[in-house]
Amino acid sequence: MYRKFLKTTKSLTVSFEKGLNALTTQEHNPLYFHGALPLYIFWFLIFSGIMLWMYYIPTLERAWSSVNYITSLPVLSQVDGKWVTDATNAATGIPYGAVVRGIHRWGAAGMMIATVLHMLRVYFTDRHRSWRWLPWISGVGLLAVLLFVGITGYLLVWDNRAYALVVLTQEFLKSLPLVGNWLADFFVAGGQITDYTLTRFFFFHIAGATLIFVLIWVHFIRLKYPAVTPSRATNFLTFGFILAAAGTYPAVNITQELLTKYGSDPRITQYKDYIASDAPAHIGNLVANIRYDAWYMFPYYLIDKLGANWAWAILGVSVALLLVAPFYPKEIRDNIAEVTEAKCTGCTFCSLDCPFEAIDMVERAPGSKFKLLAVVNEARCSQCGVCVGACPFLAIELPHTHSKTIEADLVALLNQGA
Amino acid sequence: MSDTIEKKNKVIVGFVCQRSIPIQDMIDEHKALLDDPEVKVVILPCSGMVKPTQMEMALTKGADATFVCGCAIGDCHYRTGNLMIRARLEGERNPKLRKTTDKRKVGMFFLTMKDKAPFLEALKGFKASVAALGGEN
């Protein structure tokens, strides 16, 4: 039944993509670059993050105001019935700072959306099982670390929402037996929230982003030719979307005072329901209703609405299901590539073509006719036969789909005629 | 295996990936296409398993033309099998076709499991281009 489910999801996915092919052609279908897309967006996050880093001050007093300094909206004044920029205030911000922060913010949303699409696409087309377990498991790790980096990014703004998230995180961690209290203290760098707390969050954010690079390396380690960049058309389109989103809805800090003062001006009010940060955090002053970001804050929604124990249960079961997914249902593995040592010349063609790095070229004993020998790593072999197609010497074969059998079938077909 | 095969009628041999077009539903018990019995197919786990020498063998042993059909470019179940056979047949990757092989008689299609009709259409075009060659060697 589960196999039938996977077959159906594959059929539906291919139908959808076929429709998209009609619009984009095979070469530029963004869904064929679903794995490269999150990595491409990640570069925007790295570069915009470095630019924000240059001005961010991780202390309780200065964090919110430093972010505000980067992204401050020009304060508007009404002159002769028209809104004009207050030149004095406009000069206090970083040029295009709100756009750079917007790229960081919208890029983060884009990366999570692209990552989830990538995961769903891999799962729906049944490309997560058996010999592909390592890319899948490392992908689950990447998803978790991405979530962590995104959440810590929200904390760095240090607005009312960030404070509420810290309180919820501590509640969440403290509910764990034995290590809960220690983890909660570790999270905020001590028993209470201090300047070190912001430094700790900043460390989490940067270290998490670095860890993403490490996990991407693990993700790719068994792929001979990983897709590291989408097509040029997809690149331009993605860049265009992020830039358009950042330009149209730049990330800004909106205070109640600003809304009151310029409440009727659409240039201010347009931001209030989108991505604006709240007023600066005040420790002990918890806001009643947190605006949850759909892509990064769903764990907090669970903690807030259901309590820490239910949140642990739901998240734990979800992660456990993701971790066992590549091992069920089991693949029949009786057609693993086999090398005939006497025929292998060590030409390396099979090793170069194997899509999953399943063939190592090892040194032969001194005095051998050939220097290298192909050796199949059985656990990595996908039974695809690409190595067989690459071998000019009939030295590597799939036992149940042997070249000799294929050629005999070919001759039989030709003998039949039409 | 016989080296000399008596040629009876026009025949085209296709090497088809089992995960590209829905080939199992398109053939009879003799591995001939239901829509075009002149076309016989060999089904493989992946188009990347096809050796250029096997396509040359088809031609030298009597086929009028030969083709390979793999997954859509960008969507190979085994990531790069279709790219490998395409590069081999285009002479960009080893092992390549012999220089003496008439490449006009070697076709390539890369399609999804939902592309039965586009495949038959493309095959028709390929057959017409081969037929246009006439008795030219």
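Residues numbered from 1 in each chain as written. Chains lettered and ligands numbered in written order. Predicted model: local features only at pLDDT ≥ 70, side-chain atom pairs only at ≥ 80, totals over all residues. Heavy atoms only, no water.

A. Structural view of the interface of chain B and chain A. Taken together, the 52 residues of chain B in the interface contact 48 residues of chain A. When chain B packs against chain A, the two sides together hide about 4,200 Å² of surface, and 59% of this comes from carbon and sulfur. Broken down residue by residue, the surface that chain B buries against chain A is led by Met49, Lys51 and Arg79 of chain B, which jointly contribute 16%. In this assembly, chain B and chain A are joined by six salt bridges. Note that Asp115 of chain B is salt-bridged to Lys18 of chain A, the shortest N-O span being 3.5 Å. Where chain B packs against chain A, one counts 15 residue pairs in polar contact (both at pLDDT 80 or more). The set of elements that each furnish at least two residues to the side of chain B that touches chain A consists of strand E1 (12-17), strand E3 (36-44), helix H1 (52-60) and helix H2 (81-89) of chain B. (Contact = heavy atoms within 4.5 Å. Buried area = accessible area lost by both parts, 1.4 Å probe. Salt bridge = Lys/Arg side-chain N within 4 Å of Asp/Glu carboxyl O. Polar contact = N/O pair within 3.5 Å; in protein donor to acceptor, adjacent residues only side chain to side chain. Helix = DSSP H or I, 4+ residues; strand = E, 2+ residues; numbered from the N terminus.)

B. Highlighting the domain arrangement of chain A. Residues and elements named next belong to chain A. Per the domain assignment, the segments of chain A are domain 1 (2-327) and domain 2 (338-416). The interface is formed by seven residues belonging to domain 1 together with ten residues belonging to domain 2. A combined buried area of about 830 Å² lies between domain 1 and domain 2, and 51% of that area is made up of carbon and sulfur atoms. The three residues of domain 1 that bury the most area against domain 2 are Trp131, Arg222 and Lys224, which together make up 74% of that side's buried surface. The tally of links between domain 1 and domain 2 comes to one salt bridge. The partner of Glu357 in a salt bridge is Lys224, with the nearest N and O atoms 3.6 Å apart. The tally of links from domain 1 across to domain 2 stands at three residue pairs in polar contact (both at pLDDT 80 or more). (Domains from an automatic or database assignment.)

C. Examining the pattern of salt bridges more closely. Following the criterion strictly, the structure yields 15 salt bridges over all chains and no others. Measuring nitrogen to oxygen at the nearest pair gives 3.2 Å for the salt bridge that ties Arg98 of chain B to Glu56 of chain B. Placement of the pair is Arg98 of chain B in the loop between H2 and strand E5 (106-110) and Glu56 of chain B in helix H1, with a sequence separation of 42 residues. Judged by relative accessible area, Glu56 of chain B falls into the buried class, the value being 5%. When salt bridges with common partners are traced through the structure, they connect Glu17, Arg121 and Arg127 of chain A together with Asp75 of chain B into a single cluster. (Buried < 20%, exposed > 50% of the residue type's maximum accessible area, 1.4 Å probe, protein only.)

D. Up close: helix H8 (residues 180-188) of chain A. All names here are of chain A. Taken residue by residue, H8 has Gly180, Ala184, Phe187 and Val188 as its buried positions. Along H8, the residues classed as buried sweep out an arc of 85° about the axis, all on the same side. In this fold, the buried residues of H8 make contact with helix H6 (133-156), helix H7 (160-174) and helix H9 (195-220). Of the residues trailing H8, Ala189 is marked for its positive phi of about 60°. (Arc of directions from axis to C-beta.)

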